[in-house]
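Breakdown of the fold
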Amino acid sequence: MDGNEVLASALVKMATSPVKADRDAIARLERECKTDITKIATALEDSQIVVQAMNATESLGIGLKILAAGLFWSSVIGLATMFVRPNYLWYGVSLGFISGAAGRMEIFKS
């Protein structure tokens, strides 16, 4: 369980607790937020879903950056190879792609 799930479950337990101090704390929280405890718990769960979606999008962006770096360096080294040694063009393109992708992966690793 992460922090939001623990907080949401603790709020629900306090809301159903027979202890007067817990009920008073929930009442103060509801007054401050100007909403009831179920909506507060739901908002916490919704924020967790948003965070998970953002993390998934971020990992997709990393893959695209690695691919873009590989393609960029394959074109640069391919062009240089084309003028210096035209017979070895595909070796240069392959070497450039591998070098660019590996270099970008090393940046994200640290």
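Residues numbered from 1 in each chain as written. Predicted model: local features only at pLDDT ≥ 70, side-chain atom pairs only at ≥ 80, totals over all residues. Heavy atoms only, no water.

As for its placement among the helices and strands, Ala10 is situated in helix H1 (residues 3–15). On a C-alpha basis, the gap between Ala10 and Ala41 in space is 9.6 Å, while along the polypeptide they are 31 residues apart. (Helix = DSSP H or I, 4+ residues; strand = E, 2+ residues; numbered from the N terminus.)

Time to look at the packing of aromatic side chains. Enumeration over the complete set of coordinates arrives at 2 aromatic pairs. Geometrically, the ring pair formed by Tyr88 and Tyr91 is tilted, given 5.9 Å between the ring centres and 45 degrees between the ring planes. By relative accessible area, which is 43% here, Tyr88 ends up partly exposed. A residue is classified by how much of its surface remains accessible, and Tyr91, at 61% relative accessible area, is exposed. (Phe/Tyr/Trp six-rings, centres within 6.5 Å; stacked < 30°, edge-to-face > 60°. Buried < 20%, exposed > 50% of the residue type's maximum accessible area, 1.4 Å probe, protein only.)

All right, on to a nonpolar patch on the surface then. Side chains of Leu79, Met82, Phe83 and Val84 sit close together on the surface and give an oily, nonpolar patch of about 460 Å² of accessible area. Within the element layout of this structure, Leu79 appears in helix H3 (residues 37–84). Judged by its relative accessible area of 48%, Leu79 is partly exposed. (Patch = residues over 30% accessible without salt bridge, like charges linked within 9 Å, V, L, I, M, F, W, Y side chains within 5 Å. Areas by Shrake-Rupley, 256 points an atom, 1.4 Å probe, with all protein chains shown as cover. Salt bridge = Lys/Arg side-chain N within 4 Å of Asp/Glu carboxyl O.)

The next subject is the side chain of Thr81. Relative to the helices and strands, Thr81 is located in helix H3. Of note is the side chain of Thr81, whose polar atom sits 2.7 Å from the backbone oxygen of Ile77. If we ignore the near neighbours within four places in the chain, the residues touching Thr81 are Pro86, Tyr88, Leu89 and Gly92. (Polar contact = N/O pair within 3.5 Å; in protein donor to acceptor, adjacent residues only side chain to side chain. Contact = heavy atoms within 4.5 Å.)

Next up on the list: the confidence of the model for the chain. On average, residues of the chain score 79 in pLDDT, and 88% of them are at 70 or above. Looking across the chain, the model is least confident in H1, with a mean pLDDT of 70, and most confident in helix H4 (residues 89–109), with 84. (pLDDT = per-residue confidence, 0-100.)

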